[in-house]
Amino acid sequence: VQLQASGGGLVQAGDSLRLSCTASVYSSNSDVMAWFRQTPGKEYEFVAATRRSGGGPSYSDSVKGRFTIIKDNAKNMVLLQMNTLRPEDTAVYYCAVGRRLILSSWASPDKYQYWGRGTLVTVSS
């Protein structure tokens, strides 16, 4: 599975942005599609995840109520709608796909087998 993320950019605090991630091949309905983010010198931070069929979504507390993960199974795509962006949301955002993950492991980046190249989101104050 190859993943391609896009949609990052420079926005101001309070603005919205939508990221998209497309998988190159068909994914199993049990696959978990997730977004993580990373800032320099820090570990991957879980943002949101959903299962293609029958589970989710799950959000980190830092984005809950502001971000929405949207799946489009027909297009093998997952979107991240980000509203009310804050400067602390600045990061490189990555999409990932994990197979046969249980809910309790969705936030663990080491459980995901496939990763896309990141897309940079910069939120100015």
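Numbers given for residues are sequential positions, taken from 1 along each chain in its written order. At least 70 in pLDDT is required for a residue's local features to be given in this predicted model, at least 80 for side-chain atom pairs to be given and counted, and no such filter applies to totals for whole chains, interfaces and linings, which use all residues. Side-chain descriptors were evaluated using all non-hydrogen atoms of the structure, hydrogens and water having been removed beforehand.

Novice: Can you help me understand the packing of aromatic side chains in this one?
Specialist: Two aromatic rings, taken as a pair, are described by how far apart their centres are and by the angle between their planes. Aromatic contacts are taken between Phe, Tyr and Trp rings whose centres are within 6.5 Å, Trp giving its six-membered ring; a plane angle under 30 degrees counts as stacked, one over 60 as edge-to-face, and the others as tilted. Following the criterion strictly, the structure yields 7 aromatic pairs and no others. For the ring pair Y112 and W115, a centre distance of 6.3 Å and an interplane angle of 70 degrees mean the geometry is edge-to-face. Any residue under 20% of the maximum accessible area for its type is buried, any over 50% is exposed, and the rest in between are partly exposed; the area is computed with a 1.4 Å probe on protein chains only. A relative accessible area of 28% means that W115 is categorised as partly exposed. Three or more aromatic residues joined by ring pairs form one cluster here, namely F36, Y44, F46, Y94, Y112 and W115.

Novice: Honestly, the pattern of salt bridges in this entry has me stumped. Any pointers?
Specialist: Between side chains of opposite charge, a pair can form as their charged atoms come close. For this document, the term salt bridge refers to a Lys or Arg side-chain nitrogen within 4 Å of an Asp or Glu carboxyl oxygen. For the structure shown, the criterion picks out 5 salt bridges. Across the pair D89 and R66 runs a salt bridge, and its minimum N-O distance is 2.8 Å. With D89 in the loop between β8 (77–82) and β9 (91–98) and R66 in the loop between β6 (58–59) and β7 (67–72), this residue pair connects regions lying 23 residues apart in the sequence. With respect to burial, D89 and R66 carry one shared label: buried. Only DSSP runs of H or I reaching four residues or more are called helices, and only runs of E reaching two or more are called strands; each is numbered from the N terminus.

Novice: Even after reading the chapter, I still don't get the pairing of strand β3 (residues 17–23), so can you show me in this structure?
Specialist: Two faces make up the sheet, and in a regular strand the side chains alternate between them. Most of β3 sits out of view: 5 of its 7 residues are buried. Any two strands between which DSSP finds at least two bridges are classified as paired. The pairing of strand β1 (residues 3–6) with β3 spans 4 bridges and is classified as antiparallel. The residue of β3 that forms the bridge with S6 is S20.

Novice: I'm lost on the side chain of D31 in this one. Help?
Specialist: Among the structural elements, D31 can be located in the loop between β3 and β4 (32–38). We call two N or O atoms a polar contact when they sit within 3.5 Å, provided that within protein one can donate a hydrogen and the other can accept it, with sequence-adjacent residues counted only if both atoms are side-chain atoms. Separated by 3.2 Å, the side chains of D31 and R99 make a polar contact. We call two residues contacting when some pair of their heavy atoms lies within 4.5 Å. Apart from the residues within four sequence positions on either side, D31 is in contact with T50, R51, R52, V97, G98 and R99.

Novice: Honestly, the sheet that holds β8 in this entry has me stumped. Any pointers?
Specialist: The strands making up a sheet associate through hydrogen bonds between their backbones, and the pairing can be parallel or antiparallel. Across the sheet, 4 strands lie side by side as β1-β3-β8-β7; this open sheet has antiparallel pairing. The open sheet is flanked by β1 and β7, the only strands paired with a single partner. Along the sheet, successive strands turn relative to each other by an average axial angle of 15 degrees, direction set aside. Every angle, taken between N-to-C directions, lies between 0 and 180 degrees, and every axis is a line fitted to C-alpha atoms, over only the stretch in contact when it is a helix.

Novice: Just to check I follow, could you spell out the state of the cysteines for this structure?
Specialist: Simply put, disulfide is the name for a covalent bond between the sulfur atoms of two cysteines. Count a disulfide wherever a pair of cysteine sulfur atoms falls within 2.5 Å. For the structure on display, the rule yields 1 disulfide. Bridging C21 to C95, the disulfide has an S-S length of 2.0 Å. With the S-S dihedral at roughly 60 degrees, the linkage between C21 and C95 falls on the right-handed side. Of this pair, C21 sits in strand β3 while C95 is found in strand β9, placing the two residues 74 residues apart along the sequence. Each of the two residues, C21 as well as C95, counts as buried.

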